[in-house]
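Okay, here's what each chain looks like letter by letter:
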Amino acid sequence: MSNSIYYDAVTRLQEKYKTEDHQTELPELPELPELPEYSKFQAGDSIKCSYAGTSVHSFLELDEVAWSSLQVSSISNFDDLIWDWSKDCSPINKHVARFHWERKISENSNLSDSEYAPLLRVLKILLFYQLPNNALVKNINSYSTSLSSGKALFELAKILIKCGVFVDQEGNGSYINSFSLSKILFYKCLYEIDSPAKQYSIASQVYHWQELSQAKLIPDDFTLNNILISYDELKVFRMAFDSNKGQWQPIPIDTLSEMITFSCDYIYKYSERILDAYDVFFPLLSSEKSTCDDDFDWDDAIDFLLEDDSSLWGVKAFNDESKSSGYFSSRKIVRECKKRGVKTLCKDNDSIEDVFQEINSLGVDVNSFSNSAIYNIANIRYRVTHALYLLRSSCTAIVLATTGMRRSEFSFLETQNFWLDTQNRDTYRLKLRVFKTSDSPKGDWVIIPIPKVTYTALCILDRLTKAARVYSGSPYITLNYASHFGTEINPSTINSYLESFCEELGVDHVHPHQFRKTLAMFAIYKDHRNIGVIKRLFSHKSLAMTLAYIVKLPGMSDEIKAVIVDNNKLLLSELLEAIDTNVVGGGAGLRIKKSIKSNPKFMNQLYDDGWETLDQYIDVLLDEGLSLLHRAPLDVICTRAYSDISLIGIDTCTCNVVDCSSAVFTRKSISKLHDDIRFHLDLVSSRKDISVTQTEFSQKQLRNCLDRLVELEGLKKVGQQYNALLHPIGLSIQYES
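Note that the coordinates shown come from a computational prediction; the quantities given were computed from them, not determined experimentally.

A. Quick peek at the overall build of the protein chain. The helix and strand tally for the protein chain stands at 26 helices and 10 strands. Within the protein chain, buried positions represent 51% of all 737 residues. Long-range pairs, those at least 24 residues apart, make up 64% of the contacts in the protein chain with a sequence separation of at least 6. By element, 49% of the accessible surface of the protein chain is carried by carbon and sulfur atoms, the whole surface being about 34,800 Å².

Okay, structure coming up:
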């Protein structure tokens with residue numbers, strides 16, 4: 001069953017994305033942000049601080065007394081020992097978005113001690129420029145990245161202390177700055193750390209420190225004067241980190257089969273009964289009290305479960321008359337006797353046998369007692385709670401398995417954001433927020449198609465948390481529905497859900513991210529050309545990101561790389577030649593030209609020959625957001641993304657390529673453009689019986705074709721060739737001769 005569910009999900013995604021690619025114009029590639037250059041930052045230049053609404057000068061020109069008033073968040077200043085970003089960050093990080101500078105450096109010393117004041121100043125400056133609002137030489141999009149940078153700076157602090165720099169050892173305000181920090185001593189301390197992850201994070205901070213120093217954003221006393229980490233050395237640390245970090249692998253097929261089969265069966269067999277039971281029991285479960293005998297109507301609740309008469313509950317097994325449970329049942333029966341006015345000498349701590357013997361001698365019928373007296377309500381409560389937990393876990397597993405969404409995306413799924421698409425039969429949609437690849441702390445909204453089983457699971461979670469949403473006013477369908485009623489879950493809570501669920505099923509523990517890996521594996525094994533499906537489903541910004549993701553799957557690296565290279569190689573060589581000779585046109589062609597020309601790594605190798613170099617260029621193009629290339633009418637190179645490239649051909653492109661933002665025109669298209677221009681010129685000038693509609697279309701086509709020719713051959717040449725022919729048909733575009 002697990003296989004069929006995955007293949008169903010992948011097939012629907014594949015078909016839907018393929019249809020959408022035909023029907024929907026893809027947005028233009030975004031303009032690449034211009035990276036800051038050291039020469040652009042001069043002493044006295046300023047950066048914008050969105051909190052204060054004023055400009056904050058570089059620390060080099062800012063009086064040190066004024067540093068304390070710099071805002072690092074809407075509620076924290078530079079001099080504070082806690083930088084609190086909880087009011088400014090993404091909702092997924094608000095519970096942990098605080099950085100504490102008061103940290104232990106050693107057993108008897110703290111970073112906030114007076115002797116480390118110069119060092120603390122340096123670290124705060126470095127972190128200040130790694131906040132999303134202030135990042136100038138690094139790309140920082142979220143406060144979670146800032147938090148990670150702060151932790152890395154703390155590790156750097158330990159090395160600087162070992163090297164004896166920025167420490168006021170005499171207690172008189174004097175200290176040794178970075179002039180005495182040698183590369184040999186720094187590397188000696190760095191290599192004493194046996195963690196490649198820590199080594200890379202420290203090296204990254206040092207490299208950032210060097211960039212800020214060269215940009216003249218740091219006061220001279222705190223500047224890093226020596227080049228400790230070169231760019232090539234930083235890459236070595238990154239490679240060591242990548243090769244040593246653990247990678248989540250796809251879920252083993254036996255575990256996956258057990259989990260998905262159980263989840264589907266449980267949802268379809270028991271979900272309605274469990275949700276109906278929750279409607280009865282939620283006043284009890286949502287209370288913080290351990291027992292609510294006096295406030296909750298146990299009689300009606302037990303009657304409801306008895307009427308269901310389902311093996312799911314097994315309520316009859318909890319009848320205290322047949323299954324004695326000691327002190328707890330004795331207490332309840334004695335209490336029931338007192339309510340009925342039956343005088344009994346029994347006490348709460350008497351054995352259940354003595355209690356029954358006495359009340360039988362008094363002629364009291366135990367079966368006439370209320371349900372709460374003769375049933376073990378603790379066991380019943382556990383049974384209901386356990387059923388709800390299994391239902392929630394089953395729904396969580398199905399949603400993660402069929403969408404591959406991240407924990408943060410699952411945690412903030414909102415009610416009414418999933419629906420049946422009435423225009424497409426048996427097609428369901430899910431709208432979710434993607435945080436990780438978003439430039440906004442609030443995330444980006446995306447819509448993905450989902451199979452029916454996923455829609456069913458989402459509807460169950462929606463109903464399960466309805467009372468919690470009403471109580472809290474929150475829109476999320478993942479709220480706590482029992483303990484901590486109505487509160488939002490932390491994304492890490494999903495790990496606990498799955499850990500307990502796996503223990504229940506007797507399978508190995510599954511991490512939420514493994515579902516993502518597994519879905520990618522099923523998609524790529526089903527058809528290794530489904531890269532476009534994975535890119536869109538996982539909200540990756542480029543195919544390079546998708547490639548980096550799937551090549552880590554078992555046996556994937558060489559195969560997937562070969563597919564991309566083989567399908568791009570011939571067209572890519574044509575594109576490179578067009579850019580090199582400056583004969584390139586079309587919306588996509590001009591954007592790609594601009595991106596490549598601004599890439600030093602690419603331009604340095606542009607004149608190299610051979611397929612090996614093209615393999616390297618593919619990585620650059622993928623990083624720029626370029627999709628799989630294919631041929632279109634007029635010998636155009638089309639950059640539009642299709643989910644199944646086996647279907648791609650010249651007839652696939654139904655758009656007007658001369659007016660398409662996804663088209664790349666090269667020298668190969670010139671003759672076809674001339675043919676098209678001559679055809680429409682002849683049609684407009686020699687035919688008097690053509691309709692107004694045809695005339696307008698031909699004139700528009702002429703304009704577009706001429707625009708593309710101008711991009712390829714230049715304004716002067718095109719004007720000289722066609723200027724005399726354009727005037728008789730009244731075109732408004734004028735070409736200089």
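Now that the structure has been shown, the text picks up again.
B. Structural context of the packing of aromatic side chains. This structure, assessed with the given rule, holds 34 aromatic pairs. Between Trp 67 and Phe 78, the ring centres sit 5.9 Å apart and the planes meet at 75 degrees, which makes this aromatic pair edge-to-face. With Trp 67 in the loop between strand 2 (54-57) and strand 3 (82-84) and Phe 78 in the loop between strand 2 and strand 3, the pair connects residues that are 11 residues apart, well separated along the chain. An aromatic cluster of at least three residues, connected via ring pairs, comprises Phe 59, Trp 67, Phe 78, Trp 83, Phe 99, Trp 101, Phe 128, Tyr 129, Phe 166, Tyr 175, Trp 209 and Phe 222.

C. Broad picture of a negative patch on the surface. Residues Asp 297, Asp 300, Asp 303 and Glu 307 make up a contiguous surface patch of negative charge. Examined against the element boundaries, Asp 303 turns out to sit in helix 8 (residues 298-308). Given the relative accessible area of 31%, Asp 303 is considered partly exposed.

D. Structural context of unusual backbone geometry. Positive phi values are uncommon outside glycine, yet Asn 582 reaches one of about 65 degrees. With respect to the helices and strands, Asn 582 occurs in the loop between helix 20 (557-580) and helix 21 (587-597). For Asn 582, a relative accessible area of 42% corresponds to the partly exposed category. In the Ramachandran plot, Asp 635 falls in the positive-phi region, its phi being about 55 degrees despite a non-glycine side chain. Residue placement: Asp 635 occurs in the loop between strand 8 (630-632) and strand 9 (636-638). Given a relative accessible area of 17%, Asp 635 falls into the buried group.

E. Focus on the nonpolar core. Counting residues in each nonpolar core, the largest one holds 80 residues, and the members touching the most others are Phe 281, Trp 313, Leu 413, Leu 430 and Phe 515. Among the elements that take part in this core, helix 12 (residues 377-403) stands out by supplying 14 residues, more than any other. One finds Trp 83, Leu 153, Leu 156 and Phe 222 within the second-largest nonpolar core, a separate group that totals 61 residues.

F. Main features of the layout of surface pockets. If you add up the space inside the second largest pocket, you get close to 300 Å³. Every residue lining the second largest pocket is counted, 20 residues in all, and those nearest its centre are Arg 392, Asn 480, Tyr 481, Ala 482 and Ser 483. Counting only elements with at least two residues in the lining of the second largest pocket, the list comes to helix 12 and helix 14 (452-464). Broken down by element, the residue count for the lining of the second largest pocket peaks at five residues, all from helix 12. Looking at the lining of the second largest pocket residue by residue, the classes come out as 10 nonpolar, seven polar and three charged.

G. Region of interest: the pattern of salt bridges. In this structure the tally under the stated criterion is 19 salt bridges. Here Arg 463 ties to Asp 276 by a salt bridge, and the two come within 2.7 Å at their closest N and O atoms. In this pair, Arg 463 is assigned in helix 14 and Asp 276 in helix 7 (residues 253-285), connecting sequence segments 187 residues apart. What makes Arg 463 partly exposed here is its relative accessible area of 28%. Through salt bridges that share partners, Glu 272, Asp 276, Asp 279 and Arg 463 make up one connected network.

H. Representation of the side chain of Ser 698 in the model. As for its position among the elements, Ser 698 is in helix 25 (residues 692-713). In this structure Ser 698 comes out as buried when scored by relative accessible area, which is 0%. Sequence-distant contacts of Ser 698, defined by excluding residues within four places in its chain, comprise His 680, Leu 683 and Val 684.

I. Geometry of the sheet that holds strand 5 (residues 418-420). Within the open sheet, the three strands sit side by side as 5-6-7. Their pairing is antiparallel. For this open sheet the edge positions go to strand 5 and strand 7 (444-450), each flanked by a neighbour on one side alone. Sheet twist, expressed as the mean angle between neighbouring strand axes with direction ignored, is 25 degrees. Judged from the seven bridges that link them, strand 6 (residues 428-434) and strand 7 form a sheet pairing that is antiparallel. In the strand pairing of strand 7, Tyr 428 is matched with Ile 450. Contacting strand 5, strand 6 and strand 7, helix 14 crosses the sheet at an angle of about 130 degrees to strand 5.

J. Fine view of the packing of helix 7 against helix 8. Running from N to C, helix 7 and helix 8 cross one another at 170 degrees; their axes reach a closest spacing of 10 Å. The orientation of helix 7 with respect to helix 8, classified from their angle, is roughly antiparallel. Contact residues: Arg 273, Asp 276, Ala 277, Val 280, Phe 281 and Leu 284 in helix 7; Trp 298, Ala 301, Phe 304, Leu 305 and Asp 308 in helix 8. Residue classes in the contact of helix 7 with helix 8 are distributed as eight nonpolar, no polar and three charged.

K. Spatial organisation of the sheet that holds strand 8. Pairing in this open sheet of three strands is antiparallel, and the strands run 8-9-10 from one edge to the other. Whereas interior strands pair on both sides, the edge strands pair on one side only; in this sheet they are strand 8 and strand 10 (663-664).

L. Layout of the pairing of strand 6. The element strand 6 is extensively covered by neighbouring structure, given that six of its seven residues are classed as buried. Relative to strand 6, strand 5 runs antiparallel, the two sharing three bridges. If you follow Leu 420 over to strand 6, its bridge partner there is Tyr 428.

M. Spatial organisation of the environment of Ile 82. Positionally, Ile 82 belongs in strand 3. When near neighbours in sequence (up to four residues on either side) are disregarded, Ile 82 contacts Ser 76, Arg 98, Phe 99 and His 100.

N. Summary view of helix 5 (residues 196-214). Taking 1.5 Å per residue, 19 residues should reach 27 Å; helix 5 reaches 27 Å between its end C-alpha atoms and fits that length. Among the 19 residues that make up helix 5, 15 are buried, leaving the element largely enclosed by the rest of the structure. Once helix 5 ends, the next one or two residues include Lys 216, with phi positive near 60 degrees.

O. Quick look at helix 26 (residues 715-726). Taking 1.5 Å of rise per residue, the 12 residues of helix 26 would be expected to cover 16 Å, yet its terminal C-alpha atoms sit only 14 Å apart, more than 12% below that figure. Taken as a whole, helix 26 has its buried residues at Val 718, Gly 719, Tyr 722, Asn 723 and Leu 726. Viewed along the axis of helix 26, the buried residues span an arc of 135 degrees, placing them on a single side of the element. What points out from helix 26, more than 90 degrees from its buried face, is the exposed set Lys 716, Gln 720 and Ala 724.

P. Region of interest: the confidence of the model for the protein chain. This prediction gives the protein chain a mean pLDDT of 76; 70% of its residues lie at or above 70. Element-level mean pLDDT values for the protein chain span from 36 in strand 1 (residues 46-49) up to 95 in helix 14. This model gives residues 321-328 a pLDDT under 50, and the stretch forms 13 contacts once residues within four places in sequence are excluded. This stretch, residues 604-613, has a pLDDT under 50; its non-local contacts, to residues over four places away or in other chains, come to 12 contacts.

Q. Quick look at the packing of helix 24 (residues 670-686) against helix 26. Where helix 24 meets helix 26, the closest approach of the two axes is 12 Å, and the angle between their N-to-C directions is 15 degrees. By the angle between their directions, the pair helix 24 and helix 26 is classed as roughly parallel. Relative to helix 26, the crossing made by helix 24 is left-handed. The residues of helix 26 that touch helix 24, namely those facing His 674, Ile 677, Arg 678 and Leu 681, are Gln 721, Tyr 722, Leu 725 and Leu 726. For the contact of helix 24 with helix 26, the per-class residue count stands at five nonpolar, two polar and one charged.

Parameters and conventions
- Residues numbered from 1 in each chain as written.
- Predicted model: local features only at pLDDT ≥ 70, side-chain atom pairs only at ≥ 80, totals over all residues.
- Heavy atoms only, no water.
- Helix = DSSP H or I, 4+ residues; strand = E, 2+ residues; numbered from the N terminus.
- Buried < 20%, exposed > 50% of the residue type's maximum accessible area, 1.4 Å probe, protein only.
- Contact = heavy atoms within 4.5 Å.
- Areas by Shrake-Rupley, 256 points an atom, 1.4 Å probe, with all protein chains shown as cover.
- Phe/Tyr/Trp six-rings, centres within 6.5 Å; stacked < 30°, edge-to-face > 60°.
- Patch = residues over 30% accessible without salt bridge, like charges linked within 9 Å, V, L, I, M, F, W, Y side chains within 5 Å.
- Salt bridge = Lys/Arg side-chain N within 4 Å of Asp/Glu carboxyl O.
- Lys, Arg positive; Asp, Glu negative; His and termini not counted.
- Charge placed at Lys NZ, Arg CZ, Asp CG, Glu CD.
- Core = buried A, V, L, I, M, F, W, Y, C linked by side-chain atoms within 4.5 Å.
- 1 Å grid on protein atoms, 1.4 Å probe; cavity = no way out; pocket = protein on both sides within 12 Å on 5 of 7 lines; lining within 4 Å.
- Points joined across faces, edges and corners; volume = space filled by probe spheres on them.
- Nonpolar A, V, L, I, M, F, W, Y, C, P; charged D, E, K, R; others polar.
- Pairing = 2+ DSSP bridges.
- Axes fitted to C-alpha atoms, helices over the stretch in contact; angles between N-to-C directions.
- Parallel < 35°, antiparallel > 145°, perpendicular 65-115°, else oblique.
- Expected span 1.5 Å × (residues − 1).
- Arc of directions from axis to C-beta.
- pLDDT = per-residue confidence, 0-100.
- Left-handed = near helix turned anticlockwise from the far one by under 90°.

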